[in-house]
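Structural overview for review
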Amino acid sequence: MQHHVTVGVDGSPESRAAARWAAQEAVLRRVPLRLVHAVDWPLDPVYPGLGRQDVDRWADQALSEAAQELHRRHQSLEITTRCLTARPAAALAAEAADAGLLVLGSRGLGGLVGFVMGSVATSTVVATDTPVVLVRLADDPDGPGTGSGAEIVVGVDIHEACDRVLAFAFEEAARRDCPLRAVHGWKMPTAYSYAPFFDPDNERDIGRSVTHMVGDMLLPWQHKFPDVNVIHTVFTGSAGEHLVKATQGAGLVVVGRRVRHSPLGAHLGTAAHAVLHHAASPVAVIAHD
């Protein structure tokens, strides 16, 4: 049994774009779509004079309008709505527990690419093991330049287990019948910077070895998804920088997030952080051990 797609709705243009993206994804997956709005009560003193009934009425209206719009676009799609009283990040993370995918809207960085990661989006991404896709208003499937056949880009790390990340990327590419580009960035060991005589052949040899390792990592998934056209690109330098460049024109970029059980420290790796702040496409964040 396939899980439904859940999307956070708050009435903003960004959340409406996310809802349209999520609806298309639910159609591709042939699963229901669930629209969720969380009311963080009490709102005073942020919104003085605003009563609970007013807030509930507005939330119901936001959900109803979103559901009606999506029903007009996808008449056969099963759509349900839920309005919860809870902190938005906690509510969305809880709703994601039984979902196959959670979709969130996010503001773009003005005229630049990338996302403004608000506290709700950031807290939700690190609070759930369910794949999370962040969608900007510019990623609206009804907007300009959002071709459905655009390639999917996935960041791979030969030093970590990437099975969940690769599984998601290959499945998405198979659903969309589009190419998949795997990107890996590597750097020469720090010790080489202290070597009195550096042999460029060493760097070329390491580069060939890394390329073979990336190919070996992808091979089982290519056998499992023989119809997916896979391209793998290995760069010397920052993985995040090359991933960001690869997002130009991509339909989706997929990055991993290592699960950290400690409440201290960063919960997003440097590559994922760079992509979320500079990507020119929707970003899927996949938690892995």
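Structure's up top.
Presented here is an overview of the structure given in this document. Quick caveat, the model's predicted, so the values are computed rather than measured.

Here we look at the overall build of the protein
A count of helical and extended segments in the protein gives 8 helices and 12 strands. Expressed as a percentage of its 289 residues, the buried residues of the protein come to 48%. Partitioning the contacts of the protein with sequence separation of at least 6, the portion at a separation of at least 24 is 77%. Of the accessible surface of the protein, which amounts to about 14700 Å², a share of 53% is contributed by carbon and sulfur atoms.

Description of the packing of aromatic side chains
This model, assessed by the stated rule, comprises 2 aromatic pairs. Ring pairs connect the aromatic residues F170, W221 and F225, which therefore count as one cluster.

Some remarks on the packing of helix α1 (residues 13-29) against helix α5 (residues 163-176)
Relative placement of two packed helices is described by the angle separating their axes and the distance separating the axes. Contact geometry for α1 and α5: axes closest at 10 Å, N-to-C directions at 85°. The orientation of α1 relative to α5 falls into the category roughly perpendicular. In this structure, α1 uses W21, E25, L28 and R29 to contact α5, whose residues at the interface are F168, E172, R175 and R176. Here the residues of the contact of α1 with α5 are counted per class, giving 3 nonpolar, no polar and 5 charged.

About the thresholds
Residues numbered from 1 in each chain as written. Predicted model: local features only at pLDDT ≥ 70, side-chain atom pairs only at ≥ 80, totals over all residues. Heavy atoms only, no water. Helix = DSSP H or I, 4+ residues; strand = E, 2+ residues; numbered from the N terminus. Buried < 20%, exposed > 50% of the residue type's maximum accessible area, 1.4 Å probe, protein only. Contact = heavy atoms within 4.5 Å. Areas by Shrake-Rupley, 256 points an atom, 1.4 Å probe, with all protein chains shown as cover. Phe/Tyr/Trp six-rings, centres within 6.5 Å; stacked < 30°, edge-to-face > 60°. Axes fitted to C-alpha atoms, helices over the stretch in contact; angles between N-to-C directions. Parallel < 35°, antiparallel > 145°, perpendicular 65-115°, else oblique. Nonpolar A, V, L, I, M, F, W, Y, C, P; charged D, E, K, R; others polar.

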